[in-house]
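Report on the structure
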Amino acid sequence: MATLVHRKTDWTGIVLAVVLTLVIVFPLIVVGTWAFTNVWRYPSVIPQEFGLRFWYQTLARADVWTSITTSLTLATTVTGISALICLPAAYAFARMDFPGRDILFFSFLAGHAFPKFGLLVAIAGIFLQLNLIGTFWGVVLIQLVGTLLFMIWIPVAAFQSVDRRMEEAARDVGAGPFRVFWSITLPQAGPTIAAAVLLSFVGTFYETEGAWLIGAPQVRTLPVLMISFINNQPVIQYGAVLSVLLWVPSFIALMFARRVVNSGSFARGFGG
Amino acid sequence: MSVLKIKDVSKIFANGTVRAVDNFSLDVADGELVCLLGPSGSGKSTLLRMVGGFERPTSGLMIINGEDITHVPPEKRPTGMVFQSHALWTHMNVFKNLAFGLKLRKVAPDEIKRRVEGVLDLVGLGGYGTRHVAQLSGGQQQRVALARSLVLEPKILLLDEPFASLDQHLRERLREEVRDIQQRLKITTLFVTHGQDEALSMADRIVVMRDGKTEQIDRPDIVYREPQTPFVAGFIGTMNLIEGTVSNGIFSKAGYSTPLPVSDGPAILAVRPEALDLTVANDNAQGKVHRVTDYGTHGLVDLELLDSTRVKAMVSHPDLFRAGQGVRLAPKAIAAYRDNAVIHRA
Ligand SMILES: Nc1ncnc2c1ncn2[C@@H]1O[C@H](COP(=O)(O)OP(=O)(O)OP(=O)(O)O)[C@@H](O)[C@H]1O
Ligand SMILES: [Mg+2]
């Protein structure tokens, strides 16, 4: 049957693929190429000289290494604290009924529905009085706000989709409420929550507005450093090398996400 | 001795309008299997969940082995529940599902292994320990769910329509298996179902529920033969319920009449199809054949009284009857109800 049907050329699909390639892959290739280029002068289509010169130069700089450490420490700290605060809150939202629940829940979304910069400036004003400007914990606080959406909404969906009967069955065989949460609810919601944690880690790693406004110049994350490179030194390769470095967490995140999505547990987390 | 004592238990849900269980009392004896039978929404699950500790009674007492457990949380009750949707933990394999409760009780690992394997054998799933829940068929999943409760040797086993999602054939087989296991272990069991076959074939006693209240508590054969209310009569098996009036010892309804030695007034006449003989009658017919169905071993005649009241009769020779034919009715066994109670049985 299938052999008789002549496959029609799927023009929509082809156009879509081409556009996606141009928009997403092409810039990545250009940046990637720049990062490994020693000399590339107009009007040549390909670089005159490939090489790792700018990698050596970039990685030889102390401020690059400091900012990599800063970024990793920040992202880990923010994600950790966010998980500690948000996961129990998400569980409460998913499973308990308390006054103001809906309004509070919605406010997390509302916080993201407006331009963030104004909010950030207002917060910066407060931080100035609290002497938090230019400190590590100031940046942690501001970035924490940015993770709330992912770390509440996604886990709420995950917890809500855990079968109540499974939890009751665990109570039935003798597990107390905390044991049920630890041994049943958390593992059931686990893959989806892992995705939220990952998103929040990557999001924090790339976050620039808050980090720049509150942290600079004392606390400089990798993206903030990259921006200052681009602004101060018109050498494309520096920026290119740094952005290739910045891809690393994305790749790790994507690999992990693929595993989670493939296992089907992600879809199950969303009630799929 | 009664193992489980439910005393005047009511459950009103938070919104305050639904009386899911209404002043319900029941004593269950040691080793007895009691079926809670009733239509959807009659409060069966709510009652069972109160015994398991998942819902709190609004009023009344729950006593197990003489101990008041009304306010004891589920994890501290000697009850084991099997849910309709099996509720197995999908992130654990079969062995771990069964071992979880034993681990919480700090049973030694080799003892856990021994008991889990013993119970898996009992439910016919020996060697399935390493399987994941998703790799089991619906019937196997339900067996594992049963095993998960049994392995903890609960005093009372609670089953809430455990086979509802399975096909007819499998349901009948599992029903027998559960009954066998239950009798072998002599485990006191409360079984919720809205299938009368299930209740009639398994139960030592049946509790027929309606709107959160008890309609009748009796042995299956009694519930079938001597239903206490028109509701039970209509719910268990097939029953013709004919609403008419009695005057001077004669029950009549639209051209049909039969002696009924009770006082004057309204009455409901109850006749099983198998207890209703039909004869073909051209003159003074009491009803008209509407449809004849031949089941091979017997036939079923749907007929209409003169005012179109539907009546069913079971006949041994369906080929004697044709649609449109006039018939006369001769009930061999009747019951009569008035004000929701039996007033006559013959
Ligand atoms: N959590 C709840 N909140 C409010 N009302 C409820 C709740 N649980 C059950 N009810 C109501 O209580 C009544 C009895 O429900 P229950 O589930 O006990 O019926 P059931 O006999 O088990 O029915 P079924 O055969 O459909 O399972 C129903 O009217 C139902 O809507
Ligand atoms: Mg129910």
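Quick caveat: nothing in here was measured; it's all calculated off a predicted structure.

1. Comments concerning the overall build of chain B
Each helix and strand counted, chain B has eight helices and 21 strands in total. Taken along the three principal axes of its C-alpha coordinates, chain B extends 80 × 45 × 35 Å. The buried share among the 346 residues of chain B stands at 51%. By sequence separation, contacts in chain B at least 24 residues apart represent 64% of the contacts at least 6 residues apart. Here chain B has roughly 15,700 Å² of accessible surface; of this, 49% comes from carbon and sulfur atoms. Charged side chains in chain B number 42 positive and 40 negative. The centres of these two groups are separated by 5 Å.

2. Things to note about the site of ligand 1
Residue and element names in this part refer to chain B. Around ligand 1 sit 13 residues in total, of which Ser40, Gly41, Lys44, Ser45 and Thr46 are the nearest. Gly41 has a polar backbone atom sitting 2.8 Å from an oxygen atom of ligand 1. Within the side chain of His194, one N or O atom sits 3.3 Å away from an oxygen atom of ligand 1. With the chains in place, 61% of the 630 Å² that ligand 1 exposes on its own is no longer accessible. With three residues, helix α1 (residues 44–52) is the largest single contributor of residues to the shell around ligand 1. Residues of the shell around ligand 1, tallied by class, amount to four nonpolar, seven polar and two charged.

3. Considerations on the pattern of salt bridges
It is possible for side chains bearing opposite charge to pair when their charged atoms get close. Residue and element names in this part refer to chain B. Throughout the structure, instances matching the rule amount to 26 salt bridges over all chains. Residue Arg179 pairs with Asp204 through a salt bridge whose shortest N-O separation is 2.9 Å. Of this pair, Arg179 sits in helix α5 (residues 168–185) while Asp204 is found in the loop between α6 (196–202) and β9 (205–210), placing the two residues 25 residues apart along the sequence.

4. Concerning the environment of Ile63 of chain B
Position of Ile63 of chain B relative to the elements: it lies in strand β4 (residues 59–64). With sequence-adjacent residues up to four places away left out, Ile63 of chain B is seen in contact with Val3, Leu4, Lys5, Asp68 and Ile69 of chain B.

5. Concerning the sheet that holds strand β7 (residues 156–160) of chain B
Residues and elements named next belong to chain B. Taken in spatial order, the six strands of this open sheet run β6-β7-β8-β3-β9-β10, and their pairing is mixed. Across the chains shown, the open sheet's two edge strands, defined by having one partner strand only, are β6 (79–82) and β10 (213–218). In this sheet, neighbouring strand axes are inclined to one another by 20° on average, regardless of whether the strands run parallel or antiparallel.

6. Details of a positive patch on the surface
On the surface, Arg179 of chain A together with Lys96, Lys103 and Lys106 of chain B cluster together to form a positively charged patch. Considering the arrangement of structural elements, one finds Lys103 of chain B in helix α2 (residues 94–104).

7. Things to note about the sheet that holds strand β16 (residues 287–294) of chain B
All names here are of chain B. If you trace the five strands from one edge of the open sheet to the other, you get β15-β19-β16-β17-β18, paired in antiparallel fashion. Both edges of this open sheet fall to β15 (276–280) and β18 (310–315), since each of them pairs with a single strand only. Taken pair by pair, the neighbouring strands of this sheet meet at an average axis angle of 40°, ignoring direction. Examined bridge by bridge, β16 and strand β17 (residues 299–305) share seven bridges and lie antiparallel to one another. Paired with Val292 across the strands is Val301, a residue of β17.

8. Brief notes about the interface of chain B and chain A
Between chain B and chain A, the residue contacts involve 23 residues of the former and 18 residues of the latter. Buried surface at the junction of chain B and chain A, both sides included, amounts to about 1,700 Å², of which 59% is carbon and sulfur. The largest share of the area that chain B buries against chain A comes from Glu75, Trp89 and His91 of chain B, three residues that together contribute 31% of it. At the surface where chain B touches chain A, the tally comes to two salt bridges. Glu75 of chain B is the salt-bridge partner of Arg171 of chain A, the closest N and O atoms lying 2.6 Å from each other. For the pair chain B and chain A, the interface holds eight residue pairs in polar contact (both at pLDDT 80 or more). Where the side of chain B that touches chain A is concerned, the elements lending two or more residues are β6, α2 and α4 (138–150) of chain B. In the side of chain B that touches chain A, the residues fall into twelve nonpolar, seven polar and four charged.

9. Things to note about α1 of chain B
Residue and element names in this part refer to chain B. Burial analysis of α1 places eight of its nine residues in the buried class, which makes it a mostly covered element. Listing the buried residues of α1 in full gives Lys44, Thr46, Leu47, Leu48, Arg49, Met50, Val51 and Gly52. At the C-terminal side of α1, Gly53 shows a positive phi close to 100°.

10. Some remarks on the layout of surface pockets
Here the largest pocket defines a volume of roughly 510 Å³. Elements represented by at least two residues in the lining of the largest pocket include exactly α3 (62–95), α7 (164–172) and α8 (177–206) of chain A. Per-element accounting of the lining of the largest pocket gives the leading share, five residues, to α8 of chain A. Considering only residue class, the lining of the largest pocket consists of eight nonpolar, two polar and six charged. With four residues, helix α3 (residues 109–122) of chain B is the largest single contributor of residues to the lining of the second largest pocket. In terms of residue class, the lining of the second largest pocket is made up of eight nonpolar, three polar and five charged.

11. Details of the packing of aromatic side chains
One pass over the full model with this rule turns up ten aromatic pairs over all chains. With 5.9 Å between their ring centres and 85° between their planes, Phe205 of chain A and Tyr206 of chain A make a pair best called edge-to-face. Given a relative accessible area of 5%, Phe205 of chain A falls into the buried group. Aromatic side chains Phe54 of chain B and Phe83 of chain B sit 6.0 Å apart centroid to centroid with 55° between the ring planes, which places their arrangement in the tilted category. Of the two residues, Phe54 of chain B is situated in the loop between α1 and β4 and Phe83 of chain B in the loop between β6 and α2; the sequence distance between them amounts to 29 residues. The class for Phe54 of chain B is buried, based on a relative accessible area of 14%.

12. Comments concerning the domain arrangement of chain A
All names here are of chain A. Looking at the assigned domains, one finds that chain A contains domain 1 (11–50) and domain 2 (62–269). Averaged C-alpha coordinates put domain 1 and domain 2 at centres separated by 31 Å. Contacts between domain 1 and domain 2 engage seven residues on the former and seven residues on the latter. With both sides pooled, the region where domain 1 packs onto domain 2 buries about 600 Å², and carbon together with sulfur makes up 77% of that total. Taken as a group, Val31, Trp34 and Ala35 account for 67% of the area that domain 1 buries against domain 2, more than any other trio of residues on that side. On the surface where domain 1 and domain 2 come into contact, there are zero salt bridges. If you look at where domain 1 meets domain 2, you find zero residue pairs in polar contact (both at pLDDT 80 or more).

Rules and cut-offs
- Residues numbered from 1 in each chain as written.
- Chains lettered and ligands numbered in written order.
- Predicted model: local features only at pLDDT ≥ 70, side-chain atom pairs only at ≥ 80, totals over all residues.
- Heavy atoms only, no water.
- Helix = DSSP H or I, 4+ residues; strand = E, 2+ residues; numbered from the N terminus.
- Buried < 20%, exposed > 50% of the residue type's maximum accessible area, 1.4 Å probe, protein only.
- Contact = heavy atoms within 4.5 Å.
- Areas by Shrake-Rupley, 256 points an atom, 1.4 Å probe, with all protein chains shown as cover.
- Lys, Arg positive; Asp, Glu negative; His and termini not counted.
- Charge placed at Lys NZ, Arg CZ, Asp CG, Glu CD.
- Near = heavy atom within 4 Å.
- Polar contact = N/O pair within 3.5 Å; in protein donor to acceptor, adjacent residues only side chain to side chain.
- Nonpolar A, V, L, I, M, F, W, Y, C, P; charged D, E, K, R; others polar.
- Salt bridge = Lys/Arg side-chain N within 4 Å of Asp/Glu carboxyl O.
- Pairing = 2+ DSSP bridges.
- Axes fitted to C-alpha atoms, helices over the stretch in contact; angles between N-to-C directions.
- Patch = residues over 30% accessible without salt bridge, like charges linked within 9 Å, V, L, I, M, F, W, Y side chains within 5 Å.
- Buried area = accessible area lost by both parts, 1.4 Å probe.
- 1 Å grid on protein atoms, 1.4 Å probe; cavity = no way out; pocket = protein on both sides within 12 Å on 5 of 7 lines; lining within 4 Å.
- Points joined across faces, edges and corners; volume = space filled by probe spheres on them.
- Phe/Tyr/Trp six-rings, centres within 6.5 Å; stacked < 30°, edge-to-face > 60°.
- Domains from an automatic or database assignment.

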